[in-house]
Amino acid sequence: MNSSSRFGRSGINRFNRKKTREQKFAIVNGGEVGGISNDGNTCFMNSVIQSLASSRQFMKFIDSYLYSEIEIDTKSSGEKITMKSNQPKPELPFTTALKTLLDNVNGKYGSRGKEFSTKPLLNKMPNGPRQNFFSGYNQEDAQEFYQLTMSLLEKEFKKINQSRLPTPEPEGEKEKETKFQDVRNLKEIVSGCNKLGKLGVVYVPAAQVDPNLDDAEHKVMPLELITPVDGISCERIGCLTCGEVGGIRYAVTSGLSLNLPQNQSYYSSFNLSQLLNEWITPEIIDDVNCNRCGLLQTQQFLLSTVQELEKKDNNSKLIDQIKTRLSAIESELEKHQVSDEAFEKLTVKKQIKKSRKSKQIFLDRPPPLLSIHINRSQFDPKTYMVVKNPNNVTFPAVLDLSPYIVEPNQINMDARIPFRKQDEKLMNSQDDSISDDSQTVPSTEQPKDGLISPNGTAISSAESDPKLLYNLKAVIVHFGTHNYGHYICYRKLRGTWWRISDESIYVVTEAEVLGGQGTFMLFYEYNDGFVEVLQNVSDDEEEEESRDRSSPDVKESESESDSDENSKAGAVTDSETGNDTLAASTTSLSDVSMKGEQKEESEEESEEESTEQPRRDEFDVAEAQVHL
């Protein structure tokens, strides 16, 4: 383990003999977490494992099924009393290896630190990354490894449980009978954000999935959430002319992937709310077929044809045939949805109607652990290559998901009006802002920060729901190009934020985490009300540090090294300066500074430090360049 990882970026220097409050807090609450060695371009794996280890929901999930149960007694009623053993189930080799590594990196190692390897985990991965990832990797490998890890966990979980429910797909009539369930036969129905954080079966309205289903108001469709990263998304595609929606597409997702807007300046910066707003902004699709619009056009054509034929003689047979088809068309139009089969059977090919449709997506139920991937891949028309989008993405410590959630009972089944019923008021207010001369009057109310997507679309913000406030648990950052670079991780554990680059670990402030560059993945966790008991730094220690800082010698030293101290993590926060540029500049100092640039300064200080105290190893600023 590199000794430079001990509680600080560059150890203790002559200007800062005292540990920061964050470092002291980390020490009294168990000290340093475990690092993971780089076994050959494995930084992408290490960052994902460290991030998952920070989630209490994720650790609870593994503990819920990993260990065998032992029967210890039987009640008089015949009910068995069991307890969990400390032995993992033998049919879960990958889960066992992952849990061991997670426990190791979550250990309490004081100021000494400890280093672990991913090799035992890789040995338990069928068709794992040894064949693909080590032959060279690009910046998407962290996301791929995350998906692979969750897939293997889900596969082993299914081994010890009953057959799971499939993701709904278009099926035949016989399958529909088993696909939907009658609510009158269910004891409990979990839907939308009801009992948020609970895994298992969640139900969605059958009337929204298949509007033509018989007795749909009494039926629901089950979806199963297996791992803590599983949530439910809902997508609406509908015609902007007639408003018909071909059913709401509910699907189980294991996270969100947000695209950065292209053709922006190299120095463009976006916040997470803007990217989420872009994600829920409707996409307009031009020149597509609409069954209802086509059938309505066919109906008008046949009616006019009948009128023409009635003016002539000897056309009664043809008129009767057309009227029979018109009757069938009228019956079909009375249904909520015009099916493809009915459209092909009843329409006239020359009367196919092209229309515009809108496609929009929301979250119906967020997962206990929300994974957000920032997709930085973009096509460069100059080189005809896929390159990395370098734009900065800022994010909050607490994410409010309220604007991005739609409950089933708040969905509009008419594509001409907003997806969510609560957004209809916004649409009406926008219509009122248009003057009599059809010129748009600028609104006097400015939308709050983050409520404008990069394409300029205004997004409604729902009232904040306390249960939809998610806390930041980990951040994966990527340095380098699209095809080559290095991943590091910021993670929060035991109340302390850690910066982890493989085996190199040190304490950072939240301001440094939020001001980072190269954001690649974010992990936000549902607040289940659990309060972690932590030991705070005593007031005596803080007063002693304050007295030391107020001494003339220290004041003089601090004034001489003012610029150096401002670059330290946690030295100045955004609230103190009102400037978020400082926080952003501290994040990647050790990642962009070359060792040679600090050599001269180190040689000048070494002689002075040797007379005052034994020299401490400084943080190896070249460790990040090994991969660049």
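Everything quoted here is computed from the prediction, not taken from an experiment.

Quick look at the overall build of the protein now. The helix and strand inventory of the protein stands at 21 helices and 23 strands. The 628 residues of the protein split such that 45% are buried. A separation of at least 24 residues holds for 74% of the contacts in the protein among residues at least 6 apart in sequence. Total accessible area on the protein is roughly 32300 Å²; 47% of this is exposed by carbon and sulfur atoms.

Before going further, it helps to spend a moment on the state of the cysteines. Using the criterion set out here, one finds 0 disulfides in the structure. C242 takes part in no disulfide bond, and the closest cysteine sulfur to it belongs to C290, at a distance of 3.6 Å. Relative accessible area serves as the criterion here: at 16%, C242 is assigned to the buried category. Considering cysteine sulfurs only, C293 is the nearest to C290, which forms no disulfide, with 3.6 Å between them.

Per the stated rule, a full pass over the model turns up 9 aromatic pairs. Ring centres of Y65 and F157 lie 4.9 Å apart, and the angle between their planes is 90 degrees; on these two criteria the pair is classed as edge-to-face. Of this pair, Y65 sits in helix α3 (residues 56-66) while F157 sits in helix α6 (residues 141-159), and the two are 92 residues apart along the sequence. Pair check on accessibility: Y65 and F157 agree, each one buried.

Let us look at the side chain of K388. Assignment of secondary structure puts K388 in strand β16 (residues 385-388). Polar side-chain contacts of K388 include one of 2.9 Å to the side chain of H478. For K388, the side chain forms a polar contact with the main-chain oxygen of G480, separated by 3.3 Å.

What follows deals with α3. Among the residues of α3, those classed as buried are Q57, F58, M59, F61, I62, Y65 and L66. Where α3 begins, the capping side chain belongs to S55, and its oxygen is found 3.4 Å from the backbone nitrogen of Q57.

Attention shifts here to a nonpolar patch on the surface. Together, I70, I72 and M83 make up a nonpolar patch on the protein surface, roughly 280 Å² of accessible area in all. Looking at the secondary structure, you find I72 in strand β2 (residues 67-74).

Here we come to the packing of helix α2 (residues 43-53) against helix α4 (residues 93-105). Packing of α2 against α4 brings their axes to within 9 Å, and their N-to-C directions diverge by 75 degrees. Classed by the angle they form, the pair α2 and α4 counts as roughly perpendicular. Residues I49, Q50, L52 and A53 of α2 touch α4, and the partners they reach there are L101, L102 and V105. Class assignment of the residues belonging to the contact of α2 with α4 gives a composition of 6 nonpolar, 1 polar and no charged.

Attention now goes to the pattern of salt bridges. Counted under the stated rule, the structure contains 17 salt bridges. Between D63 and K99 there is a salt bridge; the shortest N-O distance is 3.3 Å. Taken as a pair, D63 in helix α3 and K99 in helix α4 lie far apart in primary sequence, 36 residues in all. The class of D63 is partly exposed, set by a relative accessible area of 30%. Given a relative accessible area of 6%, K99 falls into the buried group. In this structure, K335 engages E332 in a salt bridge whose closest nitrogen and oxygen atoms are separated by 3.4 Å. Residue K335 is classed as partly exposed on the basis of its relative accessible area of 43%. One salt-bridge network, in which partners are shared between bridges, spans R56, K60 and D528.

Here the focus is the side chain of E235. Checked against the element boundaries, E235 lands in strand β8 (residues 231-239). In this structure E235 comes out as buried when scored by relative accessible area, which is 15%. In this view, E235 contacts G247, I248, R249, K359, Q360, I361 and F419; residues no more than four positions away in its chain are not counted.

Before going further, it helps to spend a moment on the pairing of strand β20 (residues 485-493). Within β20, 8 of the 9 residues are buried, which leaves the element mostly enclosed by the surrounding structure. Pairing of strand β19 (residues 469-480) with β20, which is carried by 7 bridges, proceeds in the antiparallel orientation. Residue pairing across strands places V475 opposite Y490, the latter belonging to β20. What sits between β19 and β20 in their antiparallel hairpin is a turn of 4 residues. Pairing of β20 with strand β21 (residues 496-501), which is carried by 5 bridges, proceeds in the antiparallel orientation. The residue bridging K492 from the neighbouring strand is W497, located in β21.

Once that is clear, we can look at the nonpolar core. Judged by nonpolar contacts, the single largest core of 58 residues is most densely connected at Y250, L272, I372 and Y524. With residues up to four places along the chain from it excluded, the contact list for I372 reads L256, L258, L272, L399, F520, M521, L522 and Y524. If you look at the next biggest cluster of nonpolar residues, it comprises 43 residues, including A53, F61, V105 and L152.

Calculation notes
Residues numbered from 1 in each chain as written. Predicted model: local features only at pLDDT ≥ 70, side-chain atom pairs only at ≥ 80, totals over all residues. Heavy atoms only, no water. Helix = DSSP H or I, 4+ residues; strand = E, 2+ residues; numbered from the N terminus. Buried < 20%, exposed > 50% of the residue type's maximum accessible area, 1.4 Å probe, protein only. Contact = heavy atoms within 4.5 Å. Areas by Shrake-Rupley, 256 points an atom, 1.4 Å probe, with all protein chains shown as cover. Disulfide = S-S within 2.5 Å. Phe/Tyr/Trp six-rings, centres within 6.5 Å; stacked < 30°, edge-to-face > 60°. Polar contact = N/O pair within 3.5 Å; in protein donor to acceptor, adjacent residues only side chain to side chain. Patch = residues over 30% accessible without salt bridge, like charges linked within 9 Å, V, L, I, M, F, W, Y side chains within 5 Å. Salt bridge = Lys/Arg side-chain N within 4 Å of Asp/Glu carboxyl O. Axes fitted to C-alpha atoms, helices over the stretch in contact; angles between N-to-C directions. Parallel < 35°, antiparallel > 145°, perpendicular 65-115°, else oblique. Nonpolar A, V, L, I, M, F, W, Y, C, P; charged D, E, K, R; others polar. Pairing = 2+ DSSP bridges. Core = buried A, V, L, I, M, F, W, Y, C linked by side-chain atoms within 4.5 Å.

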